[in-house]
Amino acid sequence: MSNQSTDTPSESSHVHTITPIPEREHVDSVGDASVGSDVSLSWLRQLYLPKEAPDRKVSTDGTVQYSMQRNYPAVRQLSPAKRERILVTGGAGFVGSHLVDRLMWMGHEVIVLDNFFTGTKRNVQHWIGHPHFELVSHDVVDPFMIEVSQIYHLACPASPPHYQYNPTKTVKTSVMGTINMLGLAKRTKARFLLTSTSEIYGDPEEHPQKETYWGHVNPIGPRACYDEGKRIAETLTYSYMRQNDVDVRVARIFNTFGPRMSPADGRVVSNFIMQALRSEPLTIYGDGDQTRSFQYVHDLVDGLILLMNKNYMEPVNLGNTEEYTIKDFAIMIRDQVISSPVAKPVNDVKIKTLPAAMDDPRKRKPDITRAKKYLGWEPRFAVKQGIQETVDWFKLQQVEGAI
Ligand SMILES: O=C(O)[C@H]1O[C@H](OP(=O)(O)OP(=O)(O)OC[C@H]2O[C@@H](n3ccc(=O)[nH]c3=O)[C@H](O)[C@@H]2O)[C@H](O)[C@@H](O)[C@@H]1O
């Protein structure tokens, strides 16, 4: 993409009316006691923003030395009868690893399958060797046999540059990976949860998007490998439900951010934070009037666990209704990185405009009436609180030389 202009865009001209964002209280605990996922934020933070890191020593000579962790984080003690054996595909990825943290906290046995294309061992390193945890290097495109009672099927690249890097493989992952995992659910009678996406709505003509909306997707465009892949994954899921009595759940996940996002995955949150930290211009694709609604990863994990454990089989949107134009979002992130008390000094960060991405949805915001009604779920985190934690995490990676 070539640079067209270097300037700070005006904050006014929106394409449609955006609901003002309400103030939210600072959150210090997450989860839901009804399913045993309730936990303090500080317990989770020790896993990704530790005060000390006894498992690794980062030296000024540019080396890092990992050592066996002496103590695992404390988890709930469950009786064997209540302990589920849970498979998480893509469990070493950004969302998957936070889900694994919570399921481990809840006292369950967790088996992670990952091919490490976008996930990393580092994301789940703190659990390796734990008696409740197993990490398997495996690509879901190939069949996999195991006895489990629940399957969270997350495996698939999710950022547009990653899923467009090898579109055929993305389609295979969605189609064959989902068939393999549904087959496993059928054989073991495990409950199966598909992580679908807001992208199945395409460039929506309905706003906000309800689950009853069928979508507006270009079937042959550059995003199709992901959009259509996830649409067929939904089709497969409900076919197995009707034909084979598989107990299914479908989450349609809207834009999610947080610690452990890959700094180079090309999504807007990681791009803007990294650019601001490096004092580089923030890159806006197109006019910046396109909108997205961003949720913090812990809210999503709350929603996924509730959905798995409640008795509701239709698709459910999981997303935050705080909607931003991308240009307002750029300004918000820039200001937050600059004003952050522990930030290394960043120079005056500019914003530059690049050509729009093809088929980029113009607006996106979830209608979460269903999630509220059937799961008793709604996001708790203000985007700003989540962004602050994410900025802190990116800074820690920078200090440790990991990025
Ligand atoms: O973050 C997510 O959860 C979602 O990310 C992508 O969907 P998309 O909305 O295109 O996400 P981004 O790549 O983060 O882009 C958001 C908006 O920011 C723009 N953008 C992105 C990157 C950038 O540097 N500058 C910029 O203006 C994009 O053009 C787009 O309009 C994935 O396709 C979804 O599956 C995934 O759920």
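All values reported here derive from a predicted model rather than from experimental measurement.

Enquirer: Just checking my understanding: could you explain the pattern of salt bridges for this structure?
Expert: For side chains of opposite charge, pairing can occur when their charged atoms come near one another. Applying the stated criterion across every chain yields a total of 23 salt bridges. Residue Asp 289 pairs with Lys 327 through a salt bridge whose shortest N-O separation is 3.0 Å. In this pair, Asp 289 is assigned in the loop between strand S13 (282-285) and strand S14 (291-293) and Lys 327 in helix H8 (residues 326-339), connecting sequence segments 38 residues apart. Looking at Asp 289, the relative accessible area reads 9%, which means it is buried. The partner of Arg 292 in a salt bridge is Asp 360, with the nearest N and O atoms 2.8 Å apart. Placement of the pair is Arg 292 in strand S14 and Asp 360 in the loop between strand S18 (351-354) and helix H9 (369-375), with a sequence separation of 68 residues. Since its relative accessible area comes to 19%, Asp 360 is described here as buried. It is possible to trace a salt-bridge network through shared partners that takes in Glu 199, Arg 223, Arg 292, Asp 360 and Arg 364.

Enquirer: I'm lost on the site of the ligand in this one. Help?
Expert: For the ligand, the set of nearby residues contains 22 residues, the closest of which are Glu 199, Arg 223, Thr 283, Arg 292 and Asp 360. Residue Thr 283 places a main-chain N or O atom 2.6 Å away from a nitrogen atom belonging to the ligand. Arg 292 is positioned with one of its side-chain polar atoms (N or O) 2.5 Å from an oxygen atom of the ligand. In the complex, 96% of the free accessible area of the ligand, which totals 690 Å², lies under the protein chains. Within the residue set of the shell around the ligand, elements represented by two or more residues are helix H3 (160-165), helix H6 (268-277) and S13. A per-class count over the shell around the ligand returns nine nonpolar, seven polar and six charged.

Enquirer: Even after reading the chapter, I still don't get H8, so can you show me in this structure?
Expert: Three- or four-residue spacings in an α-helix give side chains the same orientation, since the helix completes a turn every 3.6 residues. The end-to-end C-alpha distance of H8 is 20 Å, a good match for the 20 Å that 14 residues give at a rise of 1.5 Å each. By the criterion of burial, H8 is predominantly enclosed, with eleven of the 14 residues buried. For H8, the full list of buried residues reads Ile 326, Lys 327, Asp 328, Phe 329, Ala 330, Ile 331, Met 332, Ile 333, Arg 334, Gln 336 and Val 337. Turning to H8, the residues buried within the fold contact H6, S13, S14, strand S17 (323-325), S18 and helix H10 (383-399).

Enquirer: Can you walk me through the sheet that holds strand S8 (residues 133-137) in this structure?
Expert: Think of a sheet as strands paired side by side through backbone hydrogen bonds, with each pair either parallel or antiparallel. Spatial strand order, S8-S7-S6-S9-S10-S11-S16: seven strands in an open sheet with parallel pairing. Only two strands of the sheet have a single partner each, and these edge strands are S8 and strand S16 (315-318). Direction aside, the axes of adjacent strands within the sheet are offset by 20° on average. Here five bridges tie strand S7 (residues 109-114) to S8, and the two strands are oriented parallel to one another. Residue Asp 114 lies in a different strand from S8, and its bridge partner there is Ser 137.

Enquirer: Can you help me understand the pairing of S7 in this one?
Expert: Most of S7 sits inside the fold, with five of its six residues counted as buried. Both strand S6 (residues 85-89) and S7 contribute to a ladder of five bridges, which runs parallel. Considered in S7, the bridge of Ile 86 is made with Val 110. Viewed along the sheet, the connection from S6 through helix H2 (residues 94-105) into S7 turns out right-handed.

Enquirer: What am I meant to see in the confidence of the model for the chain here?
Expert: Close reading of the predicted structure is inappropriate where its pLDDT is low. Confidence in the prediction of the chain, expressed as mean pLDDT, is 92, and 94% of residues score 70 or more. Low confidence marks residues 1-14, where pLDDT is under 50. Its contacts with residues over four positions away, or in another chain, come to 31 contacts. We note a pTM of 0.92 for the whole complex and an ipTM of 0.96 for its interfaces.

Enquirer: Sorry, what's going on with the environment of Asn 71 here?
Expert: With respect to the secondary-structure elements, Asn 71 resides in the loop between strand S5 (64-66) and S6. As for Asn 71 and Asp 101, which are separated by 30 residues in sequence, their C-alpha atoms are 15 Å apart.

Enquirer: What should I look at first to understand the state of the cysteines in this one?
Expert: In protein chemistry, a disulfide is the covalent bond that joins the sulfur atoms of two cysteines. Using the criterion set out here, one finds zero disulfides in the structure. Cysteine Cys 156 is unpaired, with the sulfur of Cys 225 as its nearest cysteine sulfur at 8.2 Å.

Enquirer: Explain a nonpolar patch on the surface to me, please; I cannot follow it from the model alone.
Expert: A cluster of nonpolar side chains, namely Val 58, Val 64 and Tyr 66, defines an oily patch on the protein surface of about 250 Å² accessible area. Structurally, Tyr 66 is set in strand S5. Residue Tyr 66 is classed as partly exposed on the basis of its relative accessible area of 43%.

Enquirer: Just to check I follow, could you spell out the packing of helix H4 (residues 167-188) against helix H5 (residues 224-244) for this structure?
Expert: Helix packing for two helices is described by the angle between their axes and how far apart those axes are. Running from N to C, H4 and H5 cross one another at 15°; their axes reach a closest spacing of 9 Å. Classified by the interaxial angle, the pair formed by H4 and H5 is roughly parallel. Relative to H5, H4 is oriented so that their crossing is right-handed. Within the contact between the two elements, H4 uses Pro 167, Thr 170, Val 171, Ser 174, Val 175, Thr 178, Ile 179, Leu 182, Gly 183 and Lys 186 and H5 uses Cys 225, Tyr 226, Gly 229, Lys 230, Ile 232, Ala 233, Leu 236, Thr 237, Tyr 240 and Asn 244. Looking at the contact of H4 with H5 residue by residue, the class counts come to eleven nonpolar, seven polar and two charged.

Enquirer: For this particular structure, what's the right way to read the side chain of Ser 196?
Expert: Note that Ser 196 resides in strand S10 (residues 191-197). Once residues within four sequence positions are removed from consideration, Ser 196 is found in contact with Lys 230, Glu 234, Val 250, Ala 251, Arg 252 and Ile 253.

Enquirer: When you look at the packing of H2 against helix H7 (residues 297-309) in this model, what are you seeing that I'm missing?
Expert: Across the interface, H2 lies against H7 with an axial gap of 10 Å and an inter-helix angle of 65°. Considering only the axes of H2 and H7, their crossing is right-handed. In contact with Phe 94, Val 95, His 98, Leu 99, Arg 102 and Leu 103 of H2, H7 contributes Val 297, His 298, Leu 300, Val 301, Asp 302, Leu 304 and Ile 305. The residue makeup of the contact of H2 with H7, split by class, is nine nonpolar, two polar and two charged.

What counts, and where the lines are drawn
Residues numbered from 1 in each chain as written. Predicted model: local features only at pLDDT ≥ 70, side-chain atom pairs only at ≥ 80, totals over all residues. Heavy atoms only, no water. Salt bridge = Lys/Arg side-chain N within 4 Å of Asp/Glu carboxyl O. Helix = DSSP H or I, 4+ residues; strand = E, 2+ residues; numbered from the N terminus. Buried < 20%, exposed > 50% of the residue type's maximum accessible area, 1.4 Å probe, protein only. Near = heavy atom within 4 Å. Polar contact = N/O pair within 3.5 Å; in protein donor to acceptor, adjacent residues only side chain to side chain. Areas by Shrake-Rupley, 256 points an atom, 1.4 Å probe, with all protein chains shown as cover. Nonpolar A, V, L, I, M, F, W, Y, C, P; charged D, E, K, R; others polar. Expected span 1.5 Å × (residues − 1). Contact = heavy atoms within 4.5 Å. Pairing = 2+ DSSP bridges. Axes fitted to C-alpha atoms, helices over the stretch in contact; angles between N-to-C directions. Right-handed = clockwise from strand over helix to strand, strands pointing away. pLDDT = per-residue confidence, 0-100. Disulfide = S-S within 2.5 Å. Patch = residues over 30% accessible without salt bridge, like charges linked within 9 Å, V, L, I, M, F, W, Y side chains within 5 Å. Parallel < 35°, antiparallel > 145°, perpendicular 65-115°, else oblique. Left-handed = near helix turned anticlockwise from the far one by under 90°.

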